[in-house]
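Given next are the chains, with one letter for each unit.
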Amino acid sequence: MQSRGSNARFSGMGVRSPISSLMLAMFATMASFYVAGRLWQDAQNRVYLTKELDRITGQGHNAISVADTLKIIECREQRKKLSALEMELATARQEGFVSKQSSDMKKKTPEKGPSIVIGIFTSFGRKNDRDAIRKAWMSTGAALKRMEEEKGIVARFIIGRSANRGDSLDRSIDSENSQTSDFFILENHVEAPEELPKKTKLFFAHAADSWTADFYAKVNDNVFVNLDSLGNSLASYSSVPRVYIGCMKSGEVFSEQGHKWYEPDWWKFGDGKTYFRHASTELFVISQAMARYISINRSLLRTYAHDDVSVGSWFIGADVKHVDDRKFCCSSWSSGAICSGV
């Protein structure tokens, strides 16, 4: 009996064993699919995240942690906010807003600023041209001081520093300035013909920071200016908050390397290869709001191959009145002309 019972139990176990094995195999298969699915999903997530990081940071396949990515994104967001605040500040200033600190300073110093600041662009080795201007219309010494105090006209020669800072070129300018006190030296600018657009931007930025004038003018050191005619002409624009005055012109954009007027960014000016309207480089004037606009946005405003085109590009999309005044054309002297080239 015992033997028969034992056999029966063994027989039952033999029947159940294949079923258990089948169930076990099914569970194992399902578990394998689950694990494989999770691994595949994680892999897809990693691929997606990598692509998103590449898109956001522009760093291709370089390894970068999530924490670093978040820092980059945060920095870019802060930069956008800062740019927006700078633009809002520029707009507020153009509308006449001043901070409490500025208002308090004005109460302490109620005297009016100059009517115009004239930057005469010069370079090394042009002392004879500077002396000719001093004798013709700029004055020197006490006469220069009276021109500032009585007429509200500030005139300075604008120059940078030598590439070999402190050399004989720098020393000659320092020596000349010690005698005349009529230079405005851009200490952080290297004087070079190809750097003229950057020099122009720095002049307007630093002039706006140094003087609160109604107008700011740029003129070359081979141009003679009739200051009375200039003052009379600008008086009619004193009520225009944003104005850009000069001998407006356009012209061909040259794309051939080696050409005297070669423009590396020629392709940006369209198939017609023609510059937009801008004031000729010999002499042009901008209002206080536009000088402060340049000062505030100096790090954002790009320059082209030529200084007059660069200035025109800064204002082409701004709410500024362009004035084409032929009296600012210095190529020939005529009755009532403001300037004459030599």
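Cut-offs and rules
- Residues numbered from 1 in each chain as written.
- Predicted model: local features only at pLDDT ≥ 70, side-chain atom pairs only at ≥ 80, totals over all residues.
- Heavy atoms only, no water.
- Axes fitted to C-alpha atoms, helices over the stretch in contact; angles between N-to-C directions.
- Helix = DSSP H or I, 4+ residues; strand = E, 2+ residues; numbered from the N terminus.
- Parallel < 35°, antiparallel > 145°, perpendicular 65-115°, else oblique.
- Contact = heavy atoms within 4.5 Å.
- Buried < 20%, exposed > 50% of the residue type's maximum accessible area, 1.4 Å probe, protein only.
- Arc of directions from axis to C-beta.
- Polar contact = N/O pair within 3.5 Å; in protein donor to acceptor, adjacent residues only side chain to side chain.
- Disulfide = S-S within 2.5 Å.
- Salt bridge = Lys/Arg side-chain N within 4 Å of Asp/Glu carboxyl O.

Undergrad: Sorry if this is basic, but what is going on with the packing of helix α7 (residues 196–210) against helix α9 (residues 288–296) here?
TA: Two packed helices can be described by the angle between their axes and the distance between those axes. Orientation of α7 relative to α9, taken along the N-to-C sense of each, is 110°, at an axis distance of 8 Å. The orientation of α7 with respect to α9, classified from their angle, is roughly perpendicular. Each of Lys 201, Phe 204, Ala 205, Ala 208 and Asp 209 in α7 lies in contact with α9, whose residues at this interface are Ala 291, Arg 292, Ile 294 and Ser 295.

Undergrad: I keep staring at unusual backbone geometry and nothing clicks. Help me out?
TA: One can expect most non-glycine residues to show negative phi and most peptide bonds to be in trans. We note that Ser 139 has phi near 75°; this positive angle belongs to a residue other than glycine. Among the structural elements, Ser 139 can be located in the loop between α4 (127–138) and α5 (141–151). One non-glycine residue, Ser 181, lies in positive phi territory at about 50°. Relative to the elements of secondary structure, Ser 181 occurs in the loop between α6 (168–180) and β3 (183–190).

Undergrad: Is there a simple way to think about helix α8 (residues 227–235) in this case?
TA: Because the α-helix completes a turn every 3.6 residues, residues three or four places apart line up on one side. Of the residues making up α8, those classed as buried are Leu 227, Ser 229, Leu 230, Ser 233 and Leu 234. End-on view of α8: buried residues confined to an arc of 160°, all on one side of the axis. A distance of 3.2 Å separates the backbone nitrogen of Asp 228 from a side-chain oxygen at the start of α8, and that oxygen is part of Asn 226.

Undergrad: Sorry if this is basic, but what is going on with the state of the cysteines here?
TA: Each disulfide consists of one covalent bond between the sulfur atoms belonging to two cysteines. Counted by the stated rule, this structure contains two disulfides. Residue pairing for Cys 247: its cysteine sulfur links by disulfide to Cys 329, the two sulfurs lying 2.0 Å apart. Across the S-S bond of Cys 247 and Cys 329 the torsion is about 85°, and the bridge reads as right-handed. Linking Cys 247 in strand β6 (residues 243–252) with Cys 329 in the loop between β8 (321–324) and β9 (339–341), this pair joins segments that are 82 residues apart in sequence. Assigned by exposure class, Cys 247 and Cys 329 land together as buried. Cys 330 shares a disulfide with Cys 339; S-S distance 1.9 Å.

Undergrad: What is the right way to read the side chain of Lys 218 from this model?
TA: Position of Lys 218 among the secondary structure elements: in strand β4 (residues 215–220). Reaching out from Lys 218, the side chain makes a polar contact with the side chain of Thr 281 at a distance of 2.6 Å. The contact partners of Lys 218, leaving out residues within four places of it in the chain, are Gly 119, Phe 121, Phe 204, Thr 281, Glu 282, Leu 283, Phe 284 and Asp 307.

Undergrad: Looking at this structure, how should I read the pattern of salt bridges?
TA: One side chain can pair with another of opposite charge once the charged atoms of both are near each other. Applying the stated rule across the entire model yields 21 salt bridges. Measuring nitrogen to oxygen at the nearest pair gives 3.7 Å for the salt bridge that ties Glu 195 to Lys 198. For Asp 209, the salt bridge identified is with Arg 298, shortest N-O distance 2.7 Å. Linking Asp 209 in helix α7 with Arg 298 in the loop between α9 and α10 (307–315), this pair joins segments that are 89 residues apart in sequence. Asp 209 sits in the partly exposed class, given a relative accessible area of 46%. Classification of Arg 298 by relative accessible area gives partly exposed; the value is 26%. Three or more residues joined by partner-sharing salt bridges are found here, namely Lys 127, Arg 130, Asp 131, Arg 134, Glu 176 and Asp 182.

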